[in-house]
Amino acid sequence: MKRASLLQRGWVIVPILVALVITALLLLAFKVSPVEGFGAMIRGAFGDMSKTLSVTAFWVPMTLAAVGLVVSFTAGLWNIGVEGQIVMGAIAASWLALKLDVPRGLLIPLEMLAAMAAGAIWAGIVAVLKTRGKVHEIFGGLAFNNLAIIFTNYLISGPWQPPEGGTFRGTSPFPDKALLPLLGDSRLSPISVVMVIVAVVGVFLILRGTAWGLKLKALGKNPDSAFLLGVSSERETILALMLCGALAGLGGAVRVTSWFDSLRQSISGGIGYLALLVVMLSAFRVAIVPFVSFFFSAVLNGSITLQLRTQLHSALGGILTGVMVLLVLLFGDIRTLRILPGQRRKKAVPDE
Amino acid sequence: MKFKKMWVVLASLAALSLLITACGAGPVELDEPFVFGVILVGPKNDRGWSQAHYEGGLYVEQNLPGAEMIVFESLNPADKPEATLEGVVDDMVAEGAKLIFTTSDEFEEDTVGAAEKYPEVVFISISGDDAWAEGQDAGEAPSNEGNIMGRMPDMKAIAGCAAALTTQTGKISYLGPLINFETRRLAASAYLGARYCYQEYRGLDPDDLEFTVTWIGFWFNIPGVTLDPTEVVTGFLDGGTDVVLSGIDTTEAIVVSGQRADLGEQVWAIPYDFEGACDEKPEICLGVPYFNWGPSYLDTVEAIATGTWEQSWDWNAPNWDDLTDNDVTHVGWVDGPALTTELKADLDTFIAGLADGDINPWTGPLNLQDGTAYLADGEIATDFQIWYLPQLLEGMTGPSE
């Protein structure tokens, strides 16, 4: 059993390696030496302290969202709406940052709480649409993602537009007291790293050691049996999505109060979708998520340097990560994927 | 005697040719490669704003051996959430860039920060005003940051004139992007050009001319976010408009009008931004105002390479002698195939008037849209008044903010 689980963990490396080989071939096809290409990527991600801090700063909201997604995936739910939940969190935090005049020590916690509440509510609506309205969470989530983005655009071009007129870029910068304290010139706030650690440990403990975690697993593996065993699928579905929404919303708050200093037109720009890929590549294991997420952030940030160095399209980083996820889904151990909705009928009884 | 004369002629010719080579072209030669960065908000092949900048960079490479461009495309949070202007600048400087063009008003604020971080590198914030000593944001740019913009209002006045000369229904519509100083100033300029030509060359009352502006919300269509430009143009034409001017980066105005023309309607369009924009539907295209960044980019690179660059805010005028000479003009106007010879004669008169200063559409009396007086009778607008136009003008239909 030990051996198997070690192997299970080890296989995460395989698609990464295969994807690296494919990317290397791609680089060769464009007449770029893979050594130079990957070298540029590594320098772009870790070449100096400011780059590493930038990688970490981008990693924070993506990891928060991904950790949340582990919860909803465990319950067998595809929370595509995570992108919109990030955006709503950003909007809620921005609202307080722009309008509330209280001391910093109070303002920042309030921003974070408001963001979590907004993300949770946004996810909760999708959940209720699923349980009561029979709207699949993928479709509900997509619709609510668009609504959140439209809402942002309305705010920055309407009521929250800067006094000098809208450029569609974003709101005026928040006052300093509304912003998370940053490390030097970077966009990374140490407080946000603490949030990630708390989120990872918290979700790990919830899924591992609580009755609610067990209920989610049961629900994810077989909703019908779970229902017969007394698990309320409606309540668990709503709560799982809301917890995910809260963490995603927190990620949105980090985005506006540390990466940016204002609400911007594309405040997330697809971080939620990246988080979905991160969770899939992590085989839905919360302990692996932070590392895979960090790898994603490094690849994306490294791609900027890669593009400048080689003048190739910077989508190369996206191709690299995309190929990895595809490989995991194609060749990944079916047993680790059993919690996916499509596979849940295969085993009625959990074997752990 | 004859012989002597020939010598004189030959000698003067030789001297002249020496003189020409010395002063005329005066090519700067680079002792070492000069790397410059160009940061684009969109893709480098968007057939619009970003492509024009990319081609400006290529022009420098072609005309100055040793100049080498590094370009970063699509720097916007929707396409690249992980990228920041600062991060891209860090990388460009690491690659040896001594000059960086940041080519969007979205980058204006961050460019100031980057310029402060790298005082040895020159930054040109395109379309900005932070380096304008008389501007509203004077003093915001550090001394290693300059601004460049082409004087597009002149070209928009020509576009408005062409529209007014052509319209049969007396209804012209302007497909606007988002509302800010730049877009208000361009729409207003088109309107002023239209009024002038409607009155002077057609002998009609300019107050009868209907000029409607609809803002879609951004520089191009974002489904679900902006108004759909296809629908907006359809609405224009359904309402009796027969000339549509585009102020956005993409081609909907000419495409939709072209489809209506295929159905037998008499409609025309004037696209924007990109020299080749008429190609979409030449037979209804009256012309296109476009940006040409090559000359100003080249001047900047040469000035830095020779150590003569100084901070400035350049609002570069067109080359009036030939508005399509891309070696010298900063903004251009190309006549479209749909412009009739007869109308072209009037348009050329208008252009000649603009060129020698006899005509200035920005001459008072001029009221803002809400009726406030902006220019007194005979008063000519300053650059400040044109740049920072606070509203649309009286007589224009459409929101000012």
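Shown above is the structure to which this text applies.
For chain B, the count of helices and strands is eleven helices and 15 strands. For 401 residues, the compact-globule formula gives about 21 Å, and the C-alpha radius of gyration of chain B, at 23 Å, lands near that figure. Scored against the burial criterion, the 401 residues of chain B give a buried share of 56%. Counting contacts in chain B only where the partners sit at least 6 residues apart, residues at least 24 apart contribute 68% of the total. When the accessible surface of chain B is summed, it comes to about 16500 Å², and 52% of that surface belongs to carbon and sulfur atoms.

Let's shift gears to the packing of aromatic side chains. Residue and element names in this part refer to chain B. The full count for this structure, using the stated rule, is 28 aromatic pairs over all chains. On the numbers, 5.7 Å between centres and 85° between planes, the contact of Trp-49 with Trp-293 is edge-to-face. Separated by 244 residues along the polypeptide, Trp-49 in helix α2 (residues 49–63) and Trp-293 in the loop between β10 (287–291) and α9 (294–305) bring together distant segments of the chain. Comparing Trp-49 with Trp-293, the two get one shared label, buried. Connected via pairs of aromatic rings, a cluster forms that spans Phe-36, Trp-49, Phe-101, Tyr-272, Phe-291, Trp-293 and Tyr-297. Here Lys-80 stacks its cationic end above the ring of Phe-72, 4.5 Å away from the centre of that ring. Its end group placed over the ring of Tyr-272, Lys-156 keeps NZ or CZ at 3.7 Å from the ring centre.

All names here are of chain B. Pairing is parallel in the open sheet, where six strands are placed in the order β2-β1-β3-β4-β5-β11. The outermost strands of the open sheet, each flanked by one partner alone, are β2 (67–72) and β11 (313–316). Put simply, the sheet's adjacent strands are angled 20° from each other on average, direction ignored. Examined bridge by bridge, strand β1 (residues 34–39) and strand β3 (residues 97–102) share five bridges and lie parallel to one another. What sits directly across from Ile-39, in β3, is Thr-102.

Attention now goes to the pairing of strand β5 (residues 145–150) of chain B. Residues and elements named next belong to chain B. Taken across its six residues, β5 has six buried, putting it largely inside the fold. Of the two faces of β5, the one lined by Glu-145, Asn-147 and Met-149 and the one lined by Gly-146, Ile-148 and Gly-150 are each fully buried. Both β5 and β11 contribute to a ladder of four bridges, which runs parallel. Each bridged residue has a counterpart across the sheet, and for Gly-150 the counterpart in β11 is Asn-316.

Turning our eyes to something else, we now look at the packing of helix α5 (residues 82–99) of chain A against helix α12 (residues 271–281) of chain A. Residue and element names in this part refer to chain A. It is the contact of α5 with α12, at a shortest axis distance of 7 Å, that shows an interaxial angle of 135°. One way to sum up the angle between α5 and α12 is to call them oblique. Regarding α5 and α12, the two cross each other, and that crossing is right-handed. Counting all contacts with α5, which are made through Val-82, Glu-83 and Ile-86, the residues of α12 involved are Ile-271, Gly-272, Tyr-273 and Leu-276. Considering only residue class, the contact of α5 with α12 consists of five nonpolar, one polar and one charged.

Let us now look at the state of the cysteines. Residue and element names in this part refer to chain B. The full count for this structure, using the stated rule, is two disulfides over all chains. Here Cys-161 engages in a disulfide with Cys-197; their sulfurs sit 2.0 Å apart. The chirality of the disulfide connecting Cys-161 with Cys-197 is left-handed, given an S-S dihedral of about -100°. Placement of the pair is Cys-161 in helix α5 (residues 152–166) and Cys-197 in helix α6 (residues 181–200), with a sequence separation of 36 residues. Residue Cys-161 is classed as buried on the basis of its relative accessible area of 0%. What pairs with Cys-278 in a disulfide is Cys-285, and their sulfur atoms sit 2.0 Å apart.

On to unusual backbone geometry. Note the cis peptide between B:Gly364 and B:Pro365, where omega equals 5°. Structurally, B:Pro365 is set in the loop between α10 (341–356) and β13 (366–367). A positive phi angle is found at A:Phe284, which is not glycine, with a value near 65°. Assignment of secondary structure puts A:Phe284 in the loop between α12 and α13 (289–310).

Let's shift gears to the side chain of A:Thr257. Residues and elements named next belong to chain A. With respect to the helices, strands and loops of the structure, Thr-257 is situated in helix α11 (residues 233–259). The class of Thr-257 is buried, set by a relative accessible area of 1%. Side-chain polar atoms of Thr-257 contact the backbone oxygen of Ala-253, separated by 2.6 Å. Setting aside residues no more than four positions away along its own chain, Thr-257 makes contact with Glu-111, Met-112, Ala-178, Leu-179 and Leu-180.

Gaps left between atoms show up when a probe the size of a water molecule is rolled over them. All names here are of chain B. On inspection of all chains with the given rule, the structure shows one cavity of 30 Å³ or more. Computed from the structure, the largest cavity encloses a volume of approximately 70 Å³. Contributing to the lining of the largest cavity are Arg-47, Asp-249, Thr-250, Thr-251, Pro-271, Tyr-272, Phe-274, Gly-276, Ala-277 and Glu-280. Residues that form the lining of the largest cavity fall into these classes: four nonpolar, three polar and three charged.

Rules used throughout
- Residues numbered from 1 in each chain as written.
- Chains lettered and ligands numbered in written order.
- Predicted model: local features only at pLDDT ≥ 70, side-chain atom pairs only at ≥ 80, totals over all residues.
- Heavy atoms only, no water.
- Helix = DSSP H or I, 4+ residues; strand = E, 2+ residues; numbered from the N terminus.
- Rg over C-alpha atoms; globule rule 2.2 N^0.38 Å.
- Buried < 20%, exposed > 50% of the residue type's maximum accessible area, 1.4 Å probe, protein only.
- Contact = heavy atoms within 4.5 Å.
- Areas by Shrake-Rupley, 256 points an atom, 1.4 Å probe, with all protein chains shown as cover.
- Phe/Tyr/Trp six-rings, centres within 6.5 Å; stacked < 30°, edge-to-face > 60°.
- Lys NZ or Arg CZ within 6 Å of the ring centre and 35° of its normal.
- Pairing = 2+ DSSP bridges.
- Axes fitted to C-alpha atoms, helices over the stretch in contact; angles between N-to-C directions.
- Parallel < 35°, antiparallel > 145°, perpendicular 65-115°, else oblique.
- Left-handed = near helix turned anticlockwise from the far one by under 90°.
- Nonpolar A, V, L, I, M, F, W, Y, C, P; charged D, E, K, R; others polar.
- Disulfide = S-S within 2.5 Å.
- Polar contact = N/O pair within 3.5 Å; in protein donor to acceptor, adjacent residues only side chain to side chain.
- 1 Å grid on protein atoms, 1.4 Å probe; cavity = no way out; pocket = protein on both sides within 12 Å on 5 of 7 lines; lining within 4 Å.
- Points joined across faces, edges and corners; volume = space filled by probe spheres on them.

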